[in-house]
Amino acid sequence: MTDNHYDVIIIGTGAGGGTLAYHLAPSGKRILILERGDYVPREKANWDPQVVNVDAHYNTKESWLDKDGKDLHPHTNYYVGGNTKFYGAALFRLRKEDFGELRHHGGISPAWPLSYDDLEPYYTQAENLYQVHGNRGEDPTEPPANSAYPWPAVRHEPRIQQLSDDFARSGLKPFHVPVGVMLDEKNPHKSRCIRCNTCDGFACLVGAKSDAQVVCIDEAIKHSNVTLLTNSLVKRLETDSSGREVKSVLVERGGSLETYSADVVVVSCGAINSAALLLRSANDKHPRGLANSSDVVGRHYMGHTNSVMMAISKCPNPTIFQKTLGVNDFYFGSKDFEYPMGHISFVGKLDAITLKAGAPAIAPNFTLELMAKHSLDFWLTSEDLPDPNNRVTIGRDCKIVMTYTPNNLEAHERLKSKLKQAMKQTNCTMHGHDCHQGLFGRNLYVGQQIPLAGVAHQNGTIRFGQDPKTSVLDVNCKAHDVDNLYVVDGSFFPSSAAVNPALTIMANALRVGDTLMKRLGVSETTYERNRQQDRELAVSR
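Residues numbered from 1 in each chain as written. Predicted model: local features only at pLDDT ≥ 70, side-chain atom pairs only at ≥ 80, totals over all residues. Heavy atoms only, no water.

## Section: the side chain of Asp-489
Let me state the cut-off plainly: Each helix corresponds to a stretch of at least 4 residues labelled H or I by DSSP, and each strand to a stretch of at least 2 residues labelled E; elements are numbered beginning at the N terminus. Think of it in three bands: with a 1.4 Å probe and only protein chains considered, a residue is buried below 20% of the maximum accessible area for its type, exposed above 50%, and partly exposed in between. Positive charge is attributed to Lys and Arg, negative charge to Asp and Glu, and no charge count is given to His or to the chain ends. We define a salt bridge as a contact between a side-chain nitrogen of Lys or Arg and a carboxyl oxygen of Asp or Glu at a distance within 4 Å. The contact definition used throughout considers only heavy atoms, calling two residues in contact when any of these lie within 4.5 Å.
Within the secondary structure layout, Asp-489 lies in the loop between strand 21 (485-487) and helix 10 (502-519). No salt bridge is formed by the buried Asp-489; the nearest opposite charge belongs to Arg-36, separated by 11 Å. In contact with Asp-489, not counting residues within four places along its chain, are Val-267, Ser-268, Cys-269, Gly-270, Ala-271, Ser-274 and Ile-505.

Shown next as structure tokens:
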């Protein structure tokens, strides 16, 4: 064994790779984590909306191509913790029905090769690991769970509570969004989270958001058997002569190329970059890309149909932490539309500076400050369906090419209409039913669909399944074609459902981690002994 050989190499540190690294760290096995970026620098600019939202300072500067060959500048970033560094930390379980075949207005959402019950114990583990705050039993579509949330739901601020009460009086079943933040509202002076207005879309300057760096990577690298290399871009994976095993990982680091190897290689670069890596790793045994005998790698890209909608009300909205309210009454349809529509919740409170960046488009005759002061800022998510022609490929100069045509759009338009109807039924004590009809006494809903460059919910490009002809991975997320290659980011999704995919990626990483420990011969006794030592060290610190 050489110094460059490991038991496990994990490529990527986000929701999948970071969680897996944390789970495997107490195994005692030699683990190498490769991250193409560095840590997000801790600086005042982390919480500056001009720097973050207008200047896009933390976004990658690389460009991809769209289907017409035009430059596409992705709204993503490469740091330790992956996209969880900037996510809104809404951590939902997929609905139980999402794991089966569902008929949508735009087509069929296929069944998964495992059931919700198979993943349920890992959802519980992930919720505890990421300190999810929520209340069971409020969400009408919530799947069954064997335990309560580890923390109580983040309370609504008065303006959001008023809206929740209005929704409930109109017959809806609003609920508290499950959120991964390190908030203790009973002991605010001891709480790590200060409940600020720079959470959704921002890196947390005080490390109080449950992201994969803070929760998982920082803990994993405390183990002497775990090594993290940052600024290490994996260029390709090379196989042995049979093509059945990854024998080396070629890494660009510090201006030179380095080679590493492992008994098991796990790819977790995000659905787009993971597919691109496999495609770049084509060789004589894998002419269409590594593990791509099915020609499925890169296909079936999904990222949800997402829109930001602002309802401008006569009453101001002084809410600081807005992302606490959700509505799923239309998730599976309604009496007048039998097909699934999707999920309604909130984005972080928009301010005038963020509105300047064009999310959403500016309403005529309104100042940015006035809009921001009086807006309720909704996030709407509908399921987009897997289409083999929506895909990631490699173009000129090895650039990523995104080919995507939106689908199932009628469902999303219906969801927008349902929100508008719900807002008209609200009853303000000062302005009655007219409060949400705009500052100038007319209906005003400003909206913008998130464009292709918004890839926060990316999934589906390396789907798992039982049949090697129609899937890349088996049910344990091991490549059908390569014996020591696994994928644990959102690539494995066969369908996208209509809630944030992060918790499902985390839960699946824990599930695959159990499989890998069996493969590596890690005894339960050894693992638990090491875990206990971790706990004792944490207490002593």
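## Brief notes about helix 1 (residues 17-24)
The buried fraction of helix 1 amounts to seven of the eight residues, a majority that puts the element mostly inside the structure. By the burial criterion, the buried members of helix 1 are Gly-17, Gly-18, Thr-19, Leu-20, Ala-21, His-23 and Leu-24.

## Considering the pattern of salt bridges
Side chains carrying opposite charge are able to pair once their charged atoms draw close together. Throughout the structure, instances matching the rule amount to 23 salt bridges. Among the salt bridges present, the one from Lys-349 reaches Asp-377, with a minimum N-O distance of 3.1 Å. With Lys-349 in the loop between strand 16 (343-346) and helix 7 (352-356) and Asp-377 in strand 17 (residues 375-382), the pair connects residues that are 28 residues apart, well separated along the chain. When its relative accessible area of 14% is taken as the criterion, Lys-349 is described as buried. Salt bridges sharing common partners tie together Arg-93, Glu-120, Glu-127 and Arg-136.

## Re the layout of surface pockets
We apply this condition: Buried and open spaces are told apart on a 1 Å grid over the protein atoms alone, a cavity being a set of points where a 1.4 Å probe fits but cannot get out and a pocket being an open set with protein on both sides within 12 Å along at least five of seven lines. Residues with an atom within 4 Å of a point are the lining residues. Grid points are joined across faces, edges and corners, and a volume is the space filled by probe spheres set on the points. The residue classification treats Ala, Val, Leu, Ile, Met, Phe, Trp, Tyr, Cys and Pro as nonpolar and Asp, Glu, Lys and Arg as charged. All others, Gly included, are polar.
One number sums up the size of the second largest pocket: a volume of about 850 Å³. Residue lining of the second largest pocket: 30 residues in total, with Tyr-22, Pro-26, Arg-531, Asp-534 and Arg-535 positioned closest to the centre. Within the residue set of the lining of the second largest pocket, elements represented by two or more residues are helix 1, helix 3 (116-129), helix 5 (212-220), helix 10 and helix 11 (524-540). When its residues are assigned to classes, the lining of the second largest pocket shows 12 nonpolar, eight polar and 10 charged.

## What to know about the sheet that holds strand 4 (residues 71-72)
Stated formally: At least two DSSP bridges between two strands are required for those strands to pair. Note on geometry: axes are C-alpha line fits, over the in-contact stretch for helices, and angles between N-to-C directions span 0 to 180 degrees.
Spatially, the four strands line up as an open sheet ordered 4-3-19-18, and their pairing is mixed. Strand pairing shows two members of the sheet lacking a second neighbour, strand 4 and strand 18 (391-394), which therefore form its edges. As defined by bridge partners, strand 3 (residues 64-66) adjoins strand 19 (residues 400-403) across two bridges and the pair is classed as parallel. Residue pairing for strand 19: Leu-65 is matched across the bridge by Val-401. Sitting on the sheet, helix 6 (residues 271-280) is in contact with strand 3, strand 18 and strand 19, with an inclination near 40 degrees to strand 18.

## Observations regarding empty space enclosed by the protein
Under the definition given, this model contains three cavities of 30 Å³ or more. Here the largest cavity is characterised by a volume of approximately 110 Å³. Arg-95, Asp-139, Glu-142, Tyr-149 and Pro-178 are the residues nearest the centre of the largest cavity, which is lined by 14 residues in total. When the residues that make up the lining of the largest cavity are grouped by side-chain class, the tally is five nonpolar, three polar and six charged. One number sums up the size of the second largest cavity: a volume of about 70 Å³. Residue composition of the lining of the second largest cavity, grouped by class: nine nonpolar, one polar and two charged.

## Considerations on the nonpolar core
Worth spelling out the cut-off: To form a nonpolar core, buried Ala, Val, Leu, Ile, Met, Phe, Trp, Tyr and Cys residues must be joined to one another through side-chain atoms within 4.5 Å.
Formed by 115 residues in total, the largest nonpolar core has its most connected members in Ile-11, Tyr-130, Leu-237 and Leu-485. Excluding its chain neighbours within four sequence positions, the residues that come into contact with Leu-485 are Leu-237, Val-246, Val-265, Val-267, Leu-278, Leu-290, Ala-291, Cys-477, Lys-478 and Ala-479. With 21 residues, the next largest nonpolar core counts Met-341, Leu-376, Leu-419 and Met-423 among its residues.

## Considering the side chain of Ser-109
Heads up, the condition is: Definition of a polar contact: a pair of N or O atoms within 3.5 Å, with one able to donate and the other able to accept a hydrogen when the atoms are protein atoms, and with sequence-neighbouring residues admitted only if both atoms are side-chain atoms.
Secondary-structure assignment places Ser-109 in strand 6 (residues 107-109). Within the structure, the side chain of Ser-109 is placed 2.6 Å from the side chain of Glu-383, a separation counted as a polar contact. If sequence neighbours within four positions are ignored, Ser-109 has contacts with Gly-100, Glu-101, Leu-102, His-104, Glu-383, Leu-385 and Ser-495.

## Some details on the confidence of the model for the protein chain
What counts, and what does not: Per-residue confidence from the predictor is given as pLDDT, running between 0 and 100.
In the predicted model, the protein chain carries a mean pLDDT of 93, and the fraction of residues at 70 or more is 95%. Confidence over residues 437-444 falls short of pLDDT 50; this stretch has 23 contacts with residues more than four positions distant or in other chains.

## Notes on the pairing of strand 17
Successive residues of a regular strand alternate their side chains across the two faces of the sheet. For strand 17, a buried count of eight out of eight residues is recorded, marking the element as mostly surrounded by other parts of the structure. Where strand 14 (residues 305-312) lies against strand 17, eight bridges are found, and the strand directions are antiparallel. In the strand pairing of strand 17, Ala-311 is matched with Leu-376. Sheet topology note: the strand 16/strand 17 ladder contains four bridges and is antiparallel. Bridged to Ser-345 within strand 17 is Trp-379.

## Concerning the packing of aromatic side chains
What counts here: Two rings from Phe, Tyr or Trp (for Trp, the six-membered ring) form a pair when their centres sit within 6.5 Å of each other. Planes less than 30 degrees apart are called stacked, planes more than 60 degrees apart edge-to-face, and all others tilted.
Under the counting rule described, the total for this entry stands at 16 aromatic pairs. Measuring from ring centre to ring centre gives 4.4 Å for Phe-346 and Phe-378, while their planes differ by 35 degrees; the resulting arrangement is tilted. On the criterion of sequence distance, the pair formed by Phe-346 in strand 16 and Phe-378 in strand 17 is long-range, its members being 32 residues apart. Like Phe-378, Phe-346 is buried.

## Re unusual backbone geometry
For residues other than glycine, phi is negative in most cases, and the peptide bonds are mostly trans. Although it is not a glycine, Ala-291 adopts a positive phi angle of roughly 65 degrees. Tracing the chain through its elements places Ala-291 in the loop between helix 6 and strand 14. Judged by its relative accessible area of 1%, Ala-291 is buried. For Cys-398, which is not glycine, the phi torsion reads 60 degrees and is therefore positive.

## Brief notes about the packing of helix 1 against helix 10
Here is the rule: Angles below 35 degrees are treated as roughly parallel, those above 145 as roughly antiparallel, those between 65 and 115 as roughly perpendicular, and all remaining angles as oblique. Working rule for handedness: look at the near helix, and if it is turned counterclockwise from the far one by less than a right angle, call the crossing left-handed; if clockwise, right-handed.
The contact between helix 1 and helix 10 brings their axes to 8 Å, and the two run at 40 degrees. Comparing their axes, helix 10 and helix 1 come out oblique. The way helix 1 lies across helix 10 gives a crossing that is right-handed. Across the interface between the two elements, Thr-19, Leu-20, His-23 and Leu-24 of helix 1 pack against Met-506, Ala-509, Leu-510, Gly-513, Asp-514, Leu-516 and Met-517 of helix 10. The class makeup of the residues in the contact of helix 1 with helix 10 is seven nonpolar, three polar and one charged.

## Digging into helix 4 (residues 158-169)
Quick note on the threshold: Given the number of residues in a helix, its expected span is that number minus one, multiplied by 1.5 Å.
Helix length check: helix 4, at 12 residues, gives a terminal C-alpha distance of 16 Å against a target of 16 Å (1.5 Å per residue), a fit within 8%. Here the buried face of helix 4 lies against strand 15 (325-326), strand 16, strand 17 and helix 9 (409-424).

## As for the environment of Met-302
In this fold, Met-302 is placed in the loop between helix 6 and strand 14. Relative accessible area serves as the criterion here: at 0%, Met-302 is assigned to the buried category. Each C-alpha atom, one on Met-302 and one on Asp-384, is 6.2 Å from the other, the two residues being 82 residues apart in sequence. Each residue touching Met-302, except ones within four places of it in the same chain, is listed here: Asp-384, Leu-385, Pro-386, His-457, Gln-458, Asn-459, Gly-460, Phe-493, Pro-494, Ser-495 and Ser-496.

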